[in-house]
Amino acid sequence: MTDFQYDLFVIGAGSGGVRAARMAAAFGARVAIAEERYLGGTCVNVGCVPKKLFSYAAHYHQDFSDARGFGWQTEGPSFDWTTLRDNKNTEIERLNGIYGRLLDNAGAELIEGHASFVDANTVAVNGVEYRAKNILIAVGGWPVMPDIPGAEHAISSNEIFYLEQLPRRAVVVGGGYIACEFASILNGLGVETTQLYRRDLFLRGFDVEVREVLAEEMRKAGVDIRFRENISRIEKLDDGSLRLDLVSGEVMDTDLVLCATGRKPLLEGLGLDKLPVDITAGGYIHTNEYFETPVPGIYALGDASGGLELTPVATAEGTALANNLFNGQHRKVDYRDVPTAIFSHPNVATVGYSEEEARKQFGDISVYTSSFRHLKHTLSGNSAKTFLKLIVDKASDRVVGLHMVGDEAGEIVQGMAVAIKAGATKADFDATIGIHPTAAEEFVTMREAVR
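Residues numbered from 1 in each chain as written. Predicted model: local features only at pLDDT ≥ 70, side-chain atom pairs only at ≥ 80, totals over all residues. Heavy atoms only, no water.

Draft legend 1. Molecular detail of the overall build of the protein chain. Within the protein chain, the regular secondary structure consists of eleven helices and 21 strands. Since a compact globule built from 451 residues should have a radius of gyration of about 22 Å, the 24 Å found for the protein chain is in line with a globular shape. Principal-axis analysis of the C-alpha atoms places the extent of the protein chain at approximately 70 × 65 × 40 Å. Taking all 451 residues of the protein chain together, the buried fraction comes to 51%. Of the contacts formed within the protein chain by residues at least 6 apart in sequence, a portion of 63% connects residues at least 24 apart. About 20700 Å² of surface is accessible on the protein chain, with carbon and sulfur atoms providing 50% of the total. (Helix = DSSP H or I, 4+ residues; strand = E, 2+ residues; numbered from the N terminus. Rg over C-alpha atoms; globule rule 2.2 N^0.38 Å. Buried < 20%, exposed > 50% of the residue type's maximum accessible area, 1.4 Å probe, protein only. Contact = heavy atoms within 4.5 Å. Areas by Shrake-Rupley, 256 points an atom, 1.4 Å probe, with all protein chains shown as cover.)

Draft legend 2. Representation of the sheet that holds strand S20 (residues 386-393). Across the sheet, five strands lie side by side as S17-S18-S21-S20-S19; this open sheet has antiparallel pairing. Two strands close off the open sheet at either side, each with one partner strand: strand S17 (340-342) and strand S19 (365-372). Here the strands of the sheet are splayed against their neighbours by 10 degrees on average, with no regard to which way each runs. Of the pairings in the sheet, the one linking strand S18 (residues 348-352) to strand S21 (residues 399-405) comprises five bridges and is antiparallel in character. Looking at S21, one finds that Gly352 is bridged to Gly401. Together, S18, S19, S20 and S21 form the strand contacts of helix H6 (residues 208-221), whose direction differs from that of S20 by roughly 175 degrees. (Pairing = 2+ DSSP bridges. Axes fitted to C-alpha atoms, helices over the stretch in contact; angles between N-to-C directions.)

Draft legend 3. View of the pattern of salt bridges. Counted by the stated rule, this structure contains 28 salt bridges. A salt bridge links Lys376 to Asp66; the nearest nitrogen and oxygen atoms lie 4.0 Å apart. Placement of Lys376 in the loop between S19 and helix H9 (377-380) and of Asp66 in helix H3 (residues 48-67) is noted, with a sequence separation of 310 residues between them. Among the salt bridges present, the one from Arg451 reaches Glu355, with a minimum N-O distance of 2.8 Å. Residue Arg451 is located in the segment after helix H11 (426-431), and its partner Glu355 is located in helix H8 (residues 355-362); the two are separated by 96 residues in the primary sequence. Taking the relative accessible area as the measure of exposure, Glu355 reaches 7% and is therefore buried. Via salt bridges that share partners, Asp207, Glu209, Glu355, Arg359, Lys389 and Arg451 belong to a single interconnected network. (Salt bridge = Lys/Arg side-chain N within 4 Å of Asp/Glu carboxyl O.)

Draft legend 4. Focus on the layout of surface pockets. Size it by volume and the second largest pocket reaches roughly 690 Å³. What lines the second largest pocket is a set of 30 residues, among which His59, Gln62, His345, Asn382 and Asp407 lie closest to the centre. Among the secondary structure elements, those contributing two or more residues to the lining of the second largest pocket are H3, helix H5 (177-188) and H6. Sorting elements by how many residues they give to the lining of the second largest pocket places H3 first, with nine residues. Of the residues belonging to the lining of the second largest pocket, the class tally is six nonpolar, 15 polar and nine charged. (1 Å grid on protein atoms, 1.4 Å probe; cavity = no way out; pocket = protein on both sides within 12 Å on 5 of 7 lines; lining within 4 Å. Points joined across faces, edges and corners; volume = space filled by probe spheres on them. Nonpolar A, V, L, I, M, F, W, Y, C, P; charged D, E, K, R; others polar.)

Draft legend 5. A look at the environment of Tyr99. Mapped onto the elements, Tyr99 comes out in helix H4 (residues 81-106). Separated by 81 residues in the primary sequence, Tyr99 and Val18 have C-alpha atoms spaced 7.9 Å apart. Dropping the residues within four chain positions of it, Tyr99 is found in contact with Ser15, Val18, Leu39, Gly40 and Val44.

Draft legend 6. Structural detail: the packing of helix H1 (residues 15-26) against H4. The contact between H1 and H4 brings their axes to 8 Å, and the two run at 25 degrees. By the angle between their directions, the pair H1 and H4 is classed as roughly parallel. Our pair here, H1 against H4, has a crossing hand that is left-handed. Residue-level contacts link Ser15, Val18, Ala21, Arg22, Ala25 and Ala26 of H1 to Tyr99, Leu102, Leu103 and Ala106 of H4. Here the contact of H1 with H4 is built from residues that sort into eight nonpolar, one polar and one charged. (Parallel < 35°, antiparallel > 145°, perpendicular 65-115°, else oblique. Left-handed = near helix turned anticlockwise from the far one by under 90°.)

Here it is in structure tokens:
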């Protein structure tokens, strides 16, 4: 039976799914996309976009303090949580509308509801069956909550964006970028914030020196970071506050517990048990480098298939898949030197290898670092430091890793990532004239290797 209604049916209207649907439709394919929650996926609704808006808001607390050293009188600024929350909601609703219009203008049909497989070419949504030659699974991920007594009294990163009121005290559990970002945000908004992480140092997989610098700077900013610590039990008290039993034996009270302890693909209810699709030990859909599952015509990408769980990566994957299916190409996504940023306070941004990875990969390397007080803070009185790092493969002189901790690190490293991707050498960096006075110029003025 080959009577297909669609050339491509996409399950999930997040970044990767929407990009694949739009491009496939632009190439002339008949496309439908199903979404049961919100257009734009995690990034637009409960991820990158609202988080960055909250990060901007949290920076003002320090900005008001810094301004006094420049002669500005800023007595008594106050913060209203509901204004931030509601203005954020308005912006997200605007973006939802834009995503809807993008799909409509491209000619892709939006079907609202939960999609599940009937067979390898049939999907059911709201009791209606749709047949498609190709089906893309782009369902994204969902927060994982810890399996401890009282976990129902904690919230995930989904709920943090919609709190009725800002707590006086908060505990953030986790050591990934989401935990670090929200510990910084809550602290910046004036919440008494504690971050717990069960290992020795957070941000596992990032450059160790960068991790150490960030921990020091976050502590200086006021976050109570406790490594080798975790919650074993949560109890809700009569006054609405929470009592926490910690694995160390300590008992502490707080008003909110945010668990940022991992995410997993949102595969429940998809009907994948009806298909010979391979699921990895981590719960991801196994695919090859062309996003193909073992079932012909069924594909998966983005957070559903693991790999680099970043919005621009999912978008690149959606672009490649649409070109491969409907534009006669045979594309793979190049995952080498993908830049990323953590919107903690201070920001972290990185591209290429960590020092530890580079030593394993190249053996003989040179490491250049610079740690300094930003020019702005010579008058502000702020003790925050900016930290920059270059890692060079000595055999080729190529800069194979670049890292920054400091203000606007993401903005700066995005530009530097072009140079790294292009294979710039340390000699290229040295020959580049800096823009003075900026923090970024330090990347082209580091002459002596520290090791």
